[in-house]
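A structural walkthrough
So the chains spell out like this:
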Amino acid sequence: MASTAEDQAQQNCFYQEWMNLQEEDLQELLQAQNPNHPNNICHDSLSQLAKKNIQHFQDYVARRAQLARADVLAFFAPTWCTSLENSLLWIAGCRPSIFIRLIYALCGAEFESRLSEFLRGVKTGRLSELSAGQLRQVDELQGKTIMEEEKLTSRLASLQEEVADQPLAVMAKEASGIGESSQGSDQALDCHAQAMASVLEERLIS
């Protein structure tokens, strides 16, 4: 699973396309949410817009998994991310539970900033107006998500520990020259990369 210039070019292009698509989707959502915008749309159209965004994420996950099979290690240290972004990565991406924590943070911030409207009973359709039932569903989702994260974290830790185990460590020790490789060590590294790809795919679909 050695990375090639073509692999890296595909990954960079894919990342840029995804970022551009996210920006387009965000602008559509913001426009649709604005009640004063002349192109404001009805509830059914909003549902269709949400489904379209979800489909974009599903397409992104499928394409990312496909590229990872060719060069998974590049996704664990992507060259297209900044140093800060790379420092925050968890299994080649953000922890899913972070997005749920973001919901709570935004709910609290919106509630404080719009307290007077809330007391007057003004409905704005924002996160701060989530019902108790909806918040309970978010809480349940957070619990399930954290459990899955812990399972994947444990699997990744085991894979990292295996790098120092037989036979890879012995092969590295027996290599006589710096940068020297062997068929055995290459095969072991390929097996490790395949296992990493499996963890990444599970992370993407979980």
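Above this text sits the structure in question.
What counts and what doesn't
- Residues numbered from 1 in each chain as written.
- Predicted model: local features only at pLDDT ≥ 70, side-chain atom pairs only at ≥ 80, totals over all residues.
- Heavy atoms only, no water.
- Helix = DSSP H or I, 4+ residues; strand = E, 2+ residues; numbered from the N terminus.
- Buried < 20%, exposed > 50% of the residue type's maximum accessible area, 1.4 Å probe, protein only.
- Areas by Shrake-Rupley, 256 points an atom, 1.4 Å probe, with all protein chains shown as cover.
- Salt bridge = Lys/Arg side-chain N within 4 Å of Asp/Glu carboxyl O.
- Phe/Tyr/Trp six-rings, centres within 6.5 Å; stacked < 30°, edge-to-face > 60°.
- Contact = heavy atoms within 4.5 Å.
- Core = buried A, V, L, I, M, F, W, Y, C linked by side-chain atoms within 4.5 Å.

Points about the overall build of the chain
- Across its full length, the chain carries nine helices and zero strands.
- Along the chain, helices and strands appear, N-terminal first, in the series α-α-α-α-α-α-α-α-α.
- Looking at the chain residue by residue over its 206 residues, the buried ones come to 24%.
- About 13900 Å² of surface is accessible on the chain, with carbon and sulfur atoms providing 56% of the total.

Considerations on the pattern of salt bridges
- Under the definition given, this model contains five salt bridges.
- Residue Glu 28 is joined to Lys 52 by a salt bridge in which the shortest nitrogen-to-oxygen separation is 2.6 Å. One end of the pair, Glu 28, is in helix H1 (residues 5-33); the other, Lys 52, is in helix H2 (residues 43-70), with 24 residues separating them in the sequence.
- For Lys 52, a relative accessible area of 32% puts it in the partly exposed group.

A look at the packing of aromatic side chains
- By the definition in use, this model includes five aromatic pairs.
- Ring geometry for Phe 14 and Tyr 60: centres 5.4 Å apart, planes at 10°, overall stacked. Separated by 46 residues along the polypeptide, Phe 14 in helix H1 and Tyr 60 in helix H2 bring together distant segments of the chain.
- A relative accessible area of 12% means that Phe 14 is categorised as buried.
- With 4.1 Å between their ring centres and 15° between their planes, Trp 18 and Tyr 60 make a pair best called stacked. Highlighted residues: Trp 18 in helix H1 and Tyr 60 in helix H2, separated in sequence by 42 residues.
- Classification of Tyr 60 by relative accessible area gives buried; the value is 17%.
- Among the aromatic side chains, those forming a connected cluster through ring pairs are Phe 14, Trp 18, Phe 57 and Tyr 60.

Observations regarding the environment of Leu 67
- Tracing the chain through its elements places Leu 67 in helix H2.
- Accessibility expressed as a relative area gives 5% for Leu 67, which makes it buried.
- In the structure, Leu 67 is positioned 57 residues away from Gln 10 in sequence and 8.1 Å away in space, judged by C-alpha atoms.
- When residues no more than four places from it in sequence are discounted, the contact partners of Leu 67 are Gln 10, Gln 11, Phe 14 and Phe 75.

Let's talk about unusual backbone geometry
- Positive phi, normally seen in glycine, also occurs at Ile 91, with a value near 50°.
- Looking at the secondary structure, you find Ile 91 in the loop between helix H4 (83-87) and helix H5 (96-113).
- Look at Ile 91 and you get buried, because its relative accessible area is 3%.
- A positive phi angle, near 65°, is found at Ala 92, a position not held by glycine.
- Mapped onto the fold, Ala 92 is located in the loop between H4 and H5.

Things to note about the nonpolar core
- Core analysis: the biggest nonpolar cluster contains 24 residues, and Val 72, Phe 75, Ile 91 and Leu 200 have the highest contact counts within it.
- Broken down by secondary-structure element, the contributors of at least two residues to this core are H1, H2, helix H7 (132-162) and helix H9 (183-205).
- Leave out the neighbours within four places in its chain, and Phe 75 touches Gln 11, Arg 64, Leu 67, Ala 68, Trp 80, Leu 89, Ala 92 and Leu 200.

Concerning the side chain of Gln 142
- Structurally, Gln 142 is set in helix H7.
- A relative accessible area of 15% means that Gln 142 is categorised as buried.
- When near neighbours in sequence (up to four residues on either side) are disregarded, Gln 142 contacts Ile 100, Arg 101 and Tyr 104.

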